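Structural overview
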Amino acid sequence: MEYKLELKEITKIYGEKKVLNNLNLNIVSGEFMVILGPSGEGKSTLLRSIVGIENIDSGKIMVNGEDVTNNPPNKRNIAMVFQNYALYPNMTVYKNIAFPLKMSKMPSEQIKEKVNKVSELLKITDVLDKNSTKLSGGQKQRVAIARALVREPKLFLLDEPLSNIDARTRYTSRQELKRLQKELNHTFVYVTHDQSEAANIADRVAVLHNGVIEQIGTYEEIYNKPETTWVGDFIGTYPMNFIDGSIYDYKDKKIGFRPSWVDESLNDFELEISLIEKIENNYFIHCNLGEKNIVIRSNKNYNIGEKIKVGLSKFNVYKDEKLESVIENKKEKASAD
Ligand SMILES: Nc1ncnc2c1ncn2[C@@H]1O[C@H](COP(=O)(O)OP(=O)(O)O)[C@@H](O)[C@H]1O
Ligand SMILES: [Mg+2]
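I will try to describe carefully the structure that is included in this document. (Residues numbered from 1 in each chain as written. Chains lettered and ligands numbered in written order. Predicted model: local features only at pLDDT ≥ 70, side-chain atom pairs only at ≥ 80, totals over all residues. Heavy atoms only, no water.)

Strand order in this open sheet of four strands is β11-β12-β18-β19, and the pairing throughout is antiparallel. The open sheet terminates on both sides in strands that have one partner only, identified here as β11 (241-244) and β19 (322-328). For this sheet the average axis-to-axis angle between neighbouring strands, irrespective of direction, equals 30°. Here strand β12 (residues 254-257) pairs with strand β18 (residues 314-319) via three bridges, running antiparallel. What sits directly across from Gly256, in β18, is Asn316. (Pairing = 2+ DSSP bridges. Helix = DSSP H or I, 4+ residues; strand = E, 2+ residues; numbered from the N terminus. Axes fitted to C-alpha atoms, helices over the stretch in contact; angles between N-to-C directions.)

For the rest of this paragraph, the subject is the packing of helix α4 (residues 137-149) against helix α5 (residues 167-184). Running from N to C, α4 and α5 point in directions that differ by 15°, and their axes come no closer than 13 Å. Taken together, the axes of α4 and α5 are roughly parallel relative to one another. Relative to α5, the crossing made by α4 is right-handed. Taking contact as the criterion, the partners of Gln141, Arg142, Ile145 and Leu149 in α4 are, on α5, Ser173, Glu176, Leu177, Leu180 and Leu184. Its residues assigned to classes, the contact of α4 with α5 shows five nonpolar, two polar and two charged. (Parallel < 35°, antiparallel > 145°, perpendicular 65-115°, else oblique. Left-handed = near helix turned anticlockwise from the far one by under 90°. Contact = heavy atoms within 4.5 Å. Nonpolar A, V, L, I, M, F, W, Y, C, P; charged D, E, K, R; others polar.)

Moving on to helix α1 (residues 43-51). Within α1, seven of the nine residues are buried, leaving the element largely enclosed by the surrounding structure. Turning to α1, its buried residues are Lys43, Thr45, Leu46, Leu47, Ser49, Ile50 and Val51. Following α1 by one or two positions, Gly52 adopts a phi angle in the positive range, close to 100°. (Buried < 20%, exposed > 50% of the residue type's maximum accessible area, 1.4 Å probe, protein only.)

So, about the nonpolar core. The biggest cluster of nonpolar side chains holds 45 residues, and the ones touching the most others in it are Val34, Ile97, Leu122, Ile145, Phe156, Tyr190 and Val205. For this core, the element with the highest residue contribution is α4, accounting for six residues. When residues no more than four places from it in sequence are discounted, the contact partners of Tyr190 are Phe32, Met33, Val34, Ile35, Leu158, Pro161, Leu162, Leu177, Glu197 and Ile201. (Core = buried A, V, L, I, M, F, W, Y, C linked by side-chain atoms within 4.5 Å.)

As structure tokens, this is what we get:
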């Protein structure tokens, strides 16, 4: 089912604060879009504005080319799963899921059919008669998703739906959600502050910062070519390293590189090792480069205090905090061999 969402110059102000500031975002039909950003950046505000429970101060929300900015929530055909699930506490799971259909005055036989179908999809048929307060976090999350899906919305908004679930269950739930989305071919907009979640689940990631989408692309694109130093700093288990460009003759610019882009067979600059972290098969080595602290990845175990010479196999060049170019360092390797 075709569903194109365009957000045009959306501004939302709380008091003095522009939480969303002329934000633009286009969502393509059938994609799994993840909106990623630290907490307090306006992710929930953005979803609430899309679904229509929040009025925006200016801008337009377009669905398939039609302006829905002034439509009430029930005239938008969008379902939302809230951060805290918001299940009805004194109802069984069945009644929770059936509720939106009952409100739309659907005949009860048809309701039953739909509730059963969606419950099978989410593997919650065995808890349909349970009171919603008696469920585990993972089950509550499934029920909340089932309740949103049963309306067969065109667009599905999820606000950090897995944040209250233990780590193990969270990993499998992610994959199940992704499978569900592809199976149903629905358009999903999924909000999270957790970048590993974004990396795992997204077709595209939109990074929200300072009220705008600072960068949009696949996770790999954003990881490898962060367009601003803020994005480079925010994305990655370790932030991107930023050093003075003069090391490679980029005088008034900054060079950005990931810990894994360091090449120990090159001798371009010297680092002094200050701390070593072992993570699975790799060493993440914290070093001093003059006054600057950087992190490199290696499979060798060095000693603290040791000085090593390295170079970069690849780096990004930034001018005024913005990406200028990405350099693959083709420099001849030191002829040790
Ligand atoms: N109803 C509200 N009234 C006033 N300020 C709000 C309201 N809702 C959110 N905010 C503020 O807007 C900012 C963004 O909030 P929110 O959208 O919840 O961020 P996120 O979901 O990214 O954590 C925060 O500074 C928050 O305090
Ligand atoms: Mg939020």
